[in-house]
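Residue-level listing of the chains:
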Amino acid sequence: EESYQVETATTFVRACSLIKNRSYDVAVLDLQLHAPQEPDNRDGVFLLRWLMRKQVPVVIVTAVPARRLVDEILSSYGHVYEIVDKSDSEAIAGLAACVEKARQSSFPSVADDPARFREVDERFERLIAGEIERSRTGWEANHLRELASHDQASQATVTWLHISDLHLSDDKTLRSSTELDSLLVDIERQIGQHKLVPDWAAVTGDIAFSGQEKQYARAAGFFDRLLDRTGLTKERLLVVPGNHDVSRSLVSTGARILGDSLHDGKTISEILSDDGDRRFLLKRFEGYARFVGDYFEGHSNLDSDRYFYVRKFELADRQIAVLGLNSAWVSASDRDEANRLLVGEEQVRAALGLAAEADIRIALLHHPFRELRECEQQTVERLLCQECQFVLHGHGHRTDLTLHRSPDASAMVIAGGASHAGLEYSNTYNLVQFNPGSGQGHIVLRRWSGEGVGFWAEDNLTYRNVKNGIYQFTL
Ligand SMILES: [Fe+2]
Ligand SMILES: [Fe+2]
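Cut-off values and rules
- Residues numbered from 1 in each chain as written.
- Chains lettered and ligands numbered in written order.
- Predicted model: local features only at pLDDT ≥ 70, side-chain atom pairs only at ≥ 80, totals over all residues.
- Heavy atoms only, no water.
- Donors = N, O, S within 2.8 Å, 3.2 Å for Na, K, Ca; no water.
- Tetrahedral: all angles 85-135°; square planar, octahedral: opposite > 155°, others 65-115°.
- Helix = DSSP H or I, 4+ residues; strand = E, 2+ residues; numbered from the N terminus.
- Phe/Tyr/Trp six-rings, centres within 6.5 Å; stacked < 30°, edge-to-face > 60°.
- Buried < 20%, exposed > 50% of the residue type's maximum accessible area, 1.4 Å probe, protein only.
- Lys NZ or Arg CZ within 6 Å of the ring centre and 35° of its normal.
- Domains from an automatic or database assignment.
- Contact = heavy atoms within 4.5 Å.
- Buried area = accessible area lost by both parts, 1.4 Å probe.
- Salt bridge = Lys/Arg side-chain N within 4 Å of Asp/Glu carboxyl O.
- Polar contact = N/O pair within 3.5 Å; in protein donor to acceptor, adjacent residues only side chain to side chain.

The subject of this paragraph is the coordination of the iron ion (ligand 2). Note on the iron ion (ligand 2): its protein donors are Asp206 (OD), Asn243 (OD1), His366 (NE2) and His395 (ND1). The metal-donor distances range over 2.1 to 2.2 Å. Metal-centred angles of 85 to 161° between the 4 donor atoms at the iron ion (ligand 2) mark the site as irregular. Linear spacing of the donor residues for the iron ion (ligand 2) on their chain is D-x36-N-x122-H-x28-H. If you look at the iron ion (ligand 2) and the iron ion (ligand 1), they sit 3.3 Å from each other and are both ligated by Asp206. Highlighted residues: Asn243 in the loop between β6 (237-240) and α10 (253-261) and His366 in the loop between β9 (360-364) and α15 (374-387), separated in sequence by 123 residues.

As C-alpha cells, then:
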C-alpha cells in the first residue's frame, strides 16, 4: 500500500509558509482556516491562489455553504480537482480515493504560460475583491483586506530571518534549552503576527561554542526545529562560521604563525589562491565542515575548494544572491579580537564575481568590519557595501543597524546580536522584509528580557527612535 507524507497547517501563516517554501504533490484545503467561529470567513481562497502559483492540485474540503463561491472556484481554476462537502459523510469516506486521483491528474501548467498565469491571477484578484465586498461583518472584511495586502507584499518582497551567535555548548543545561525553546516559539509567533513568512534564514556564525561534534549535534536538533517552525527547507537555511566554530586544538603552531604573519593584501591573496595553503589553514573548521556537509545534504560545504559560497534564488521577480563569507579562517585564540581577523579581498572578489548577475546581493559574515586587520578593513568594507544591498553579521553580541551611504554605495549593515549568549548579553534576533521595487524595507527587532523568568519583547531599547520594535528604512 502506498503511504503519504503529510504536513498539516492549522493557521493561515503556517499554511502560507509551507506552500511558499516546500513542494507538494497534492493539497487538501479547507476554505476557512482562521477563526472557525466566524462562519463566513473564507481565507482559504488566498491559499488557493498560492497553490495555483505553485501548480499544486487541490481537493477542497469545506463546510462553507456559499454555493456561488464553490461554483466559481470549480469553473474558474483548473487545478481544483474536487470540492468535498464536509457534512456529506459519503463524500468524506471517498476522500482518500479523491486525493489519490487528484495527485495523479495532470493540470494545465499555468506558471509556464505567463499570459494564462496573469489571467488566472487577475481572476483571483476579482474574486477576493468580491468576497471583501460581500463580507457580512466588519471583522471579516478587515481580515480579508489584511490578507490581501499581506499577499501583495509577499509577492513583491524578499523576507528573511536573521539569527546569530548561538554558542551551543555540550553542557545541556535546562536553562539553555528553555531559552532556545522560547526563541523558537517567539520566532513563530512573530512570523504569524507580522505575517512575515521568511523566504530564507541566515545564521551568521558562532553556531557552536568550540567547534566540537557534540555541539553540532545540538545545532542539528535546533535547526530541525527552526525549519519546522518557519516552514523553510535546508536549502534556504544559510550559515557561515564564526570564531567559536573554530576548533582551536586543530590550529597547529605553523598555521597560527602563518595566520599571524599576514599583513599585506598581496600575500593574503596568494595564500587564499593556493590550494595547499588553504587546506592547511582551514583544518581548524573540521567539526564545522563535517556538520554542514552532513546536515545540509550537499547544499552547503566547507572544504579547501569551497571556503565561501554564493547561493542564488528567484524571489519577487528578482535574482537574489547570498554570499556566505568566511571571516574566521585565521581565528585561533582569544587574541582574535580588535582588528586581528581576515576575510581577504581575494575571497570577496571571487564571491562578488559569482554573484555578478544578481539583482540583489546579500553578504553574510560573522565579524564586523572593525574586527578586520587594518591592511584590508577599508577595502573589504568598501567592496561589500558598494556591491551588496545588505551585509549581515554577528559577533558583537549587540544589535546594530547602520545605513552605509556614499556616492557609490547604499547598503544596510545589520549586526544580528547574539540569539543565545547567556545572561551577560541581551539576546536578540530580527526579521527583515525588503521590497526591491521601492527600495523600502523594515526590520522587526526582538530582544530577550531577563526580568522575572525572562521573555521576548519588542526591542525598543537599542534605539530611541525605533517604535514598536520596527525600523523602517529606504535604500
Ligand atoms: Fe559570539
Ligand atoms: Fe564571535
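Here the narrative resumes, following the displayed structure.
One pass over the full model with this rule turns up 21 aromatic pairs. Taken together, a centroid distance of 5.1 Å and an interplanar angle of 90° make the contact between Tyr307 and Phe308 edge-to-face. Here the two residues Tyr307 and Phe308 agree in accessibility, since each one is buried. With centroids separated by 5.9 Å and ring planes inclined at 80°, the aromatic side chains of Phe390 and Phe473 adopt a geometry described as edge-to-face. Within this pair, whereas Phe390 is found in strand β10 (residues 390-393), its partner Phe473 is found in strand β16 (residues 470-474), the two being separated by 83 residues in sequence. Each member of the pair, Phe390 together with Phe473, is buried. Here a set of aromatic residues connected by ring pairs shows up, and it is made of Tyr216, Phe222, Phe223, Phe285, Tyr288, Phe291, Tyr295 and Phe296. Over the aromatic face of Tyr295 sits the side chain of Lys234, whose NZ or CZ is 4.1 Å from the ring centroid. Positioned over the ring face of Phe313 is Arg236, at 4.4 Å from the centre of the ring.

This part takes up the coordination of the iron ion (ligand 1). Looking at the iron ion (ligand 1), the protein donor atoms are Asp165 (OD), His167 (NE2), Asp206 (OD) and His397 (NE2), and they sit 2.1 to 2.3 Å from it. Between the 4 donor atoms coordinating the iron ion (ligand 1), the angles at the centre fall across 88 to 169°, so the site counts as irregular. Within one chain, the residues donating to the iron ion (ligand 1) are spaced in sequence as D-x1-H-x38-D-x190-H. On the basis of relative accessible area, His397 is assigned to the buried category, the value being 12%.

Take the domain arrangement of the protein chain next. Domain annotation for the protein chain reports domain 1 (12-154) and domain 2 (158-474). Just the C-alpha atoms count here: the centres of domain 1 and domain 2 sit 37 Å apart. Opposite the 11 residues of domain 1 that make contact, domain 2 presents 15 residues. Of the roughly 1,100 Å² buried between domain 1 and domain 2, counting both surfaces, carbon and sulfur atoms make up 51%. Across the domain 1-domain 2 interface, the total number found is 3 salt bridges. Of the charged contacts, one joins Arg14 and Asp228 as a salt bridge, the two residues approaching to 3.4 Å between their closest N and O atoms. If you look at where domain 1 meets domain 2, you find 9 residue pairs in polar contact (both at pLDDT 80 or more). At the level of secondary structure, the elements contributing two or more residues to the side of domain 1 that touches domain 2 comprise α1 (12-21) and α7 (138-156).

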